[in-house]
Amino acid sequence: MSRSILRSVAVPLAAVVLGLLIGAVLIISQDASPVTAYSSLLQGGLGDGDALLRTLQKATPLIFGGLAVAFAFKAGLFNIGGQGQLLVGAVFAAGVGFGIDGLPMFIHLPAALIAGALAGAIWGGIAGALKATTGAHEVIVTIMLNFVGGNLTDWLSANPWKDNSGSNIVARTPLVEDSATIPTLGSVPVGFLLAVVTAASCWLILERTTYGFEVRSVGHNRNAAHYAGIRVGWIMASTMAVAGVLAGLGGAVESLGVDGRFEAGVNVGLGFEGITIALLARANALGVIPAALLVGLMEAGAARMQFKAGVAPELIDVIQALILFFVAAPVIIRWLLRMRQGGSEQLRLGAGWGRT
Amino acid sequence: MKPRQRQLLWIAAAVIIALAWGFYSANGPQTTAVLAGTVRAATLLALGAMCGMIGERSGIVNIGIEGQFLMSAFFAFTVTSITGSLFMGALAGIATGLTMGWLLAAMAVGLKVDQIIAGTVLNIAALGLTSFFYDRSRSLGVSKYTNIDLGPLADLPLVGTVFFSRPPITYLTMALLVIVHVALFRSVWGMRTRAIGEHPGAADTVGIDVLRLRYLNVTLAGGFAGLGGSYLALEAVGTFSRAMSGGRGFLALAVMIFGRRTPFGAYAAALFFGFTTALQNQFQLNSTFDIPPQFVGMLPFVVTIVVVALSGLMGSMRDPAALGQTYEKG
């Protein structure tokens, strides 16, 4: 047991170390000190209560986004549409959050969260249903839905749901009501707790239920699953809808817990980071939590790193890409660590575009 | 192409020409602006589609076109800014594209990384690296590529402005479309390329080095995206900005599928997508029509979804059989 855990952690861990090392070279190339940079990064992400809050806030949508990719991964589907699902989730959660008042919190907040989840479910479900019925590749459809979602949320926040208070000219919704705002307990945002519970639930569903077994069977071999009597089309459609729910919840938590509203252009890119997180976690629902915490920590500390060490915060993106590269190509790390080939180390999405 | 499809194509072309002429007589300047914008927006998509096409015809999915555009635009801009030469910048863009293509090949063919993940790595790496090294105070230093009139052709009404008074990379792209068409469907290279995309095992047995040709093609294809990056920085915009490719690398993939992985088909699709972009810009400029620009903006994406779904239903568009699969010499 311990050996297999060690094995599954070794590659991502080595990838992180390698990423940070190459990052250090980049920092030196900018005439800055890697020690100062990384220590201020750590301080900015963990140094005090505020820093911890920032890290957890940053990690929250990453957990949801990572789950949205990891869950679909298990069925052999690549959900690159986390961005669109997150955006529609964010805008509809905000819509319910500011549009209704006078409700008690225990009704209003869940209603807003459910609105976000449903919007995400529709966005993901479209891709899944099209895949199941017509064979349209989910990568193309979800990319397209990202753009459609971007346009739709831009329009909603610039026209019918626009914040018309004062002299506001930005495309954004009004602030959500207090009764729809996700509270923070000390340094721990409740949204983060929700994310952790969701990740645990995903793990349970995938590993301990019949549905999860069917999802994984479809991911391993669609034809074999079909002959075993699993309704492959239904599994693909529903998996994408669940993935959409997860990303939509991520957007909802951003709107209701962090930004307090939806603003066009603010959440751009969050959905794509889910891909990094899921790959770093090797598509394991529980692994998504530490992966998101790591990236969240880097993002939370980036501002302090810029302030203290004069290193551009975009360094974080470079390090993320490097980590992703090393995780995706474990050959390099195995060679460095003199590790022997493990059975399931290479991540596979099954046959690329082909409809099987 | 079947005779009936050819017939439909002619009818469609005639309708489009008639419509363009009708609008041109009604409102000359605006029609010219929209159609010129169409050709302008189509160039980048066509280049990206050719990049994707050469990869996919040889069995390699490339979803890293977005990253290839961005990285190439960055180097095209930077080199022009340093040397003061647009030409050097354009070459640097192409070289960057080739390098990115080689990287994709090294991951997808050499290291046998899942192709979609390999492309994603390129995208994220390009966004991170270009943002990190982006120097806000740097400017291009020279003015971007300007239109070149092709002699008397440029004086023709409508068509002259739209097709024959364009900047150099646009002309080059049009020439490349013809070259790639001939190469893919009339040359030994093209036949081998399609063979390793359809049945690498069979290609191998007749003595084609599958992995080597895939390496070569994916690298070469990167050059097209590289030219696209140069186009973006040196011809379309005239500067570099963070994430300036704006998803058009992904759109190029849709254009490629839409155009059935053929250069001319892709260009037709690119013109259609370009048309919606140009229309959206026109709508924003004047408010004759009361359609929110965001909805016009959605159009190409919704159409792509419908087309991809319909073509799946009718089975009319078939992917290369070995697409997305790692080839192991057996």
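Chain A is annotated in an unreviewed UniProt entry as ABC transporter permease from marine metagenome. One UniProt comment on chain A, placed under Subcellular location (unreviewed entry), says "Cell membrane".

Enquirer: What is the right way to look at the overall build of chain B in this model?
Expert: Along chain B, the regular secondary structure elements total 13 helices and two strands. In terms of C-alpha radius of gyration, chain B reaches 20 Å, essentially the compact-globule figure of 20 Å for 330 residues. Taking all 330 residues of chain B together, the buried fraction comes to 50%.

Enquirer: Teacher, can you tell me more about the packing of helix H13 (residues 315-328) of chain A against helix H5 (residues 115-133) of chain B here?
Expert: In a packed pair of helices, the relevant descriptors are the angle between the two axes and the axis-to-axis distance. Running from N to C, H13 of chain A and H5 of chain B cross one another at 160 degrees; their axes reach a closest spacing of 7 Å. As far as their axial angle goes, H5 of chain B and H13 of chain A are roughly antiparallel. The interaxial crossing formed by H13 of chain A with H5 of chain B has left-handed handedness. Contact residues: Leu315, Asp317, Val318, Gln320, Ala321, Leu324, Phe325 and Ala328 of chain A in H13 of chain A; Ile117, Ala118, Val121, Ile124, Ala125, Leu127, Gly128, Leu129, Ser131 and Phe132 of chain B in H5 of chain B. Classifying every residue of the contact of H13 of chain A with H5 of chain B by side-chain character gives 14 nonpolar, three polar and one charged.

Enquirer: Explain the interface of chain A and chain B here, please?
Expert: Accessible area lost on assembly of the parts is the figure often given for the size of an interface. Taken together, the contacts link 40 residues of chain A with 41 residues of chain B. Elements with a minimum of two residues in the side of chain A that touches chain B: helix H5 (105-134), helix H6 (138-158), helix H11 (270-280) and H13 of chain A. At ten residues, the largest contribution of residues to the side of chain A that touches chain B is made by H6 of chain A. Residues belonging to the side of chain A that touches chain B are distributed by class as follows: 26 nonpolar, nine polar and five charged.

Enquirer: What is the right way to look at H6 of chain A in this model?
Expert: Because the α-helix completes a turn every 3.6 residues, residues three or four places apart line up on one side. Here H6 of chain A is 21 residues long and its end C-alpha atoms lie 29 Å apart, about the 30 Å a rise of 1.5 Å per residue gives. Burial analysis of H6 of chain A places 19 of its 21 residues in the buried class, the great majority of the element.

Enquirer: Please explain the packing of helix H4 (residues 82-99) of chain A against H5 of chain A as it appears in this structure.
Expert: Residues and elements named next belong to chain A. Viewed as axis vectors pointing N to C, H4 and H5 meet at an angle of 150 degrees, and their least axial separation amounts to 7 Å. When the interaxial angle is binned, H4 and H5 end up roughly antiparallel. As for how H4 packs across H5, the hand of that crossing is right-handed. Taking contact as the criterion, the partners of Gly84, Gln85, Val88, Gly89, Ala90, Phe92, Ala93, Gly95, Val96 and Gly97 in H4 are, on H5, Ala111, Ala112, Leu113, Ala115, Gly116, Ala117, Ala119, Gly120, Trp123 and Gly124. A per-class count over the contact of H4 with H5 returns twelve nonpolar, eight polar and no charged.

Enquirer: What is the right way to look at the confidence of the model for chain A in this model?
Expert: Detailed conclusions should not be drawn from predicted coordinates in areas where pLDDT is low. Residues and elements named next belong to chain A. Put simply, chain A has an average pLDDT of 88, and 94% of its residues get 70 or more. Confidence, read as mean pLDDT per element, is least for helix H14 (residues 330-337) in chain A (74) and greatest for helix H7 (residues 190-208) (96). Low pLDDT, under 50, characterises residues 350-356; the stretch is placed with 22 contacts to residues that sit more than four places away or in other chains.

Enquirer: Is there a simple way to think about the environment of phenylalanine 77 of chain B in this case?
Expert: All names here are of chain B. By secondary structure assignment, the location of phenylalanine 77 is in helix H3 (residues 65-83). Placed 13 residues apart in sequence, phenylalanine 77 and alanine 90 show a C-alpha to C-alpha distance of 8.4 Å. With residues up to four places along the chain from it excluded, the contact list for phenylalanine 77 reads Gly89, Leu140, Ala233, Thr239 and Phe240.

Enquirer: Just checking my understanding: could you explain the environment of alanine 243 of chain A for this structure?
Expert: Residue and element names in this part refer to chain A. Locating alanine 243 in the fold gives a position in helix H10 (residues 232-259). Counting along the chain gives 74 residues from alanine 243 to isoleucine 169, while the straight-line C-alpha distance between them is 34 Å. The contacts of alanine 243, once residues within four sequence positions are left out, are Ala68, Phe71, Ala72, Asn79 and Gly124.

Enquirer: Explanation requested: unusual backbone geometry in the structure shown.
Expert: Backbone phi values are negative for most residues with the exception of glycine, while trans is the configuration of most peptide bonds. All names here are of chain B. You will see that alanine 243, though not glycine, has its phi angle at about 55 degrees, which is positive. Here alanine 243 shows up in the loop between helix H10 (210-237) and helix H11 (248-258). Since 14 C-beta atoms lie within 10 Å of it, alanine 243 is described here as partly exposed. The backbone of arginine 261 sits at a positive phi, close to 55 degrees, despite the residue not being glycine. Relative to the helices and strands, arginine 261 resides in the loop between H11 and helix H12 (263-285). Residue arginine 261 is classed as buried on the basis of its 24 C-beta neighbours within 10 Å.

Rules used throughout
- Residues numbered from 1 in each chain as written.
- Chains lettered and ligands numbered in written order.
- Predicted model: local features only at pLDDT ≥ 70, side-chain atom pairs only at ≥ 80, totals over all residues.
- UniProt positions renumbered as here; feature names shortened; annotations may be inferred.
- Helix = DSSP H or I, 4+ residues; strand = E, 2+ residues; numbered from the N terminus.
- Rg over C-alpha atoms; globule rule 2.2 N^0.38 Å.
- Buried ≥ 20, exposed ≤ 12 C-beta atoms within 10 Å, placed from the backbone.
- Axes fitted to C-alpha atoms, helices over the stretch in contact; angles between N-to-C directions.
- Parallel < 35°, antiparallel > 145°, perpendicular 65-115°, else oblique.
- Left-handed = near helix turned anticlockwise from the far one by under 90°.
- Contact = placed C-beta atoms within 7 Å.
- Nonpolar A, V, L, I, M, F, W, Y, C, P; charged D, E, K, R; others polar.
- Expected span 1.5 Å × (residues − 1).
- pLDDT = per-residue confidence, 0-100.

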